[in-house]
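Inside the fold
Next come the chains, spelled out residue by residue.
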Amino acid sequence: MASAHILVLNWHFPPHEGIGGRRTALLAEQWISKGIDVTVIAKKPHPNGKKSDWIDDSVLNQIHLVYIDHENPYNALFFKSDSRSKWLRIWKKFYYNFFAVGNPIDQTFFCGPEITKAIEAVHAQKKIDWIFTSGAPFYLAYWASLFKAKNHDIRLWCDFRDPWLNAVNYGMLHLSAPQRKGDDAVRDFVTHYADFISAPYPEILEEFESYDPIEKMHIPHFHSHKQLKEGRSNHHWVYAGEIYEHTAPLWEKAIAQLELKSSAIQVEIYTQHTDRLASIATSPIALISSGIGKSIEEKLASCEHIIISLGEHNKDFFTTKFFDHLTYQKPYLYIGPEGKVSRFITENKLGLRWEDFGDPSFEYNSALSSELWEQHKAEKMAGLILEKMQIHA
């Protein structure tokens, strides 16, 4: 009996280093381990780009990778480094804003024909059983839906991982009203043709309303660790991730508060947004550095506290790092606006808000931490999806 064939559409799939490919890469790894044939259509990686830490080369070599060589011409217009003249850029922006049908900000908006052609070629080589799309960019689901509209025997699963629901226009600041209307039309089209729509947050699923027989599933974020990694604690506190918009003042306040309370603690911050923390770069207790790849695991295993930081747009969403960092069984310290995540951390004794650190009455809830870690393994989520797809590996 031939093995099932899943075609994955994920624009930033590894070897891209960005977080946009992590969720799907972990699922693909699990599916391959169960004997599923996996093909991935993704953006062609830059030859000098850094490699992803989310998937091993040994697994990547078992995936049939199909690359689309494309850069969105609209997005380039907003960078001064663009070689075209100022007036040409202004004219192009005007044209796209008022005459483009849909959302030209989406990275795959202009390459639909190339993606469709790639899907057709994959299907001709081996029949596709399921297409699994991962957005953002969201037009991947649209191009897949167009293909399914002509190939009714193919099943379609659309996973929307992006948590920018509280941001203006879902974080697309330049999106005009007509473009947003086009985006809504695309969403409705996808909803009509998708068999399953999933997301890590129930709030995302509420955006998809349909009278069609579609099943919506909450698939929370997950981790790939095989076992817990408890290490000895030193006086270092570690943060690894993005410095979200408008959170720099909260970091400044937190560091200033810690300087007054203790000079023996070292706060290590690993982020690509080091410029956003320029005001605390001279602090004697803060070490600010760009990312260090897989080495961050050693830092997290040996620190005293792991810092969780969120912005206004995602303060209510449990990100991948929330579950991934449970691996190290360290109390969390939260920096950010009050929301569902901060309340869950404090109410369930998984950590403290930054201003409450040092509370002598705090006792870490390791039992709940271990339970959550077990529930959010990649293996379990990948198996749940296969079960719903009725693929028996």
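Placed above this text is the structure.
Quick summary incoming for the structure in this document. (Residues numbered from 1 in each chain as written. Predicted model: local features only at pLDDT ≥ 70, side-chain atom pairs only at ≥ 80, totals over all residues. Heavy atoms only, no water.)

Scanning the protein chain from terminus to terminus reveals 14 helices and 13 strands. Going through the 393 residues of the protein chain one by one, you find that 51% of them count as buried. The long-range fraction of contacts in the protein chain, counting pairs at least 24 apart against all pairs at least 6 apart in sequence, stands at 71%. (Helix = DSSP H or I, 4+ residues; strand = E, 2+ residues; numbered from the N terminus. Buried < 20%, exposed > 50% of the residue type's maximum accessible area, 1.4 Å probe, protein only. Contact = heavy atoms within 4.5 Å.)

Moving on: the pairing of strand β1 (residues 5-10). Within β1, six of the six residues are buried, leaving the element largely enclosed by the surrounding structure. Of the two faces of β1, the one lined by H5, L7 and L9 and the one lined by I6, V8 and N10 are each fully buried. Sheet topology note: the β1/strand β2 (residues 37-43) ladder contains five bridges and is parallel. By the bridge assignment for β2, H5 is matched with D37. For the crossover from β1 across helix α1 (residues 22-33) to β2, the handedness is right-handed. (Pairing = 2+ DSSP bridges. Right-handed = clockwise from strand over helix to strand, strands pointing away.)

A few words now on the sheet that holds strand β5 (residues 155-160). A sheet is described by the order of its strands in space; here seven strands give the open sequence β3-β2-β1-β4-β5-β6-β7, paired in parallel fashion. Where the open sheet ends on each side, the last strands, each with one partner, are β3 (64-68) and β7 (215-218). Pairs of neighbouring strands in the sheet enclose a mean axial angle of 20 degrees, with direction left out of account. Pairing geometry for strand β6 (residues 196-199) and β7, over four bridges, is parallel. Across the sheet, the residue bridging to I197 is K216, located in β7. (Axes fitted to C-alpha atoms, helices over the stretch in contact; angles between N-to-C directions.)

To continue, consider the packing of α1 against helix α14 (residues 378-389). Where α1 contacts α14, the axes come no closer than 9 Å and their chain directions differ by 70 degrees. Comparing the axis directions of α1 and α14 gives the class roughly perpendicular. For the pair formed by α1 and α14, the contact residues are L26, L27, Q30 and W31 on the first element and A378, E379, M381, A382, I385 and L386 on the second. For the contact of α1 with α14, the residue count by class is eight nonpolar, one polar and one charged. (Parallel < 35°, antiparallel > 145°, perpendicular 65-115°, else oblique. Nonpolar A, V, L, I, M, F, W, Y, C, P; charged D, E, K, R; others polar.)

With 14 residues, helix α9 (residues 248-261) extends 20 Å from end C-alpha to end C-alpha; this agrees with the ideal 20 Å at 1.5 Å per step. Listed as buried for α9 are A248, W251, A254, I255 and L258. End-on view of α9: buried residues confined to an arc of 120 degrees, all on one side of the axis. The exposed set on the far side of α9, more than 90 degrees from its buried face, consists of K253 and L260. Where the residues of α9 are buried, they touch β8 (236-240), β9 (266-270), β10 (286-289), β11 (305-309) and β12 (332-335). (Expected span 1.5 Å × (residues − 1). Arc of directions from axis to C-beta.)

Mapped onto the secondary structure, E312 falls in the loop between β11 and α11 (320-324). Of note is the side chain of E312, whose polar atom sits 2.5 Å from the side chain of K315. (Polar contact = N/O pair within 3.5 Å; in protein donor to acceptor, adjacent residues only side chain to side chain.)

Spatially, the six strands line up as an open sheet ordered β10-β9-β8-β11-β12-β13, and their pairing is parallel. The strands lining the two open edges of the sheet, one partner per strand, are β10 and β13 (351-353). Each neighbouring strand pair of the sheet contributes to a mean axis angle of 25 degrees, computed without reference to strand direction. As paired strands, β8 and β9 are joined by five bridges and run parallel to one another. The partner of H236 across the bridge, within β9, is Q266. Across the sheet, helix α12 (residues 340-347) touches β12 and β13, and the angle it forms with β13 is around 130 degrees.

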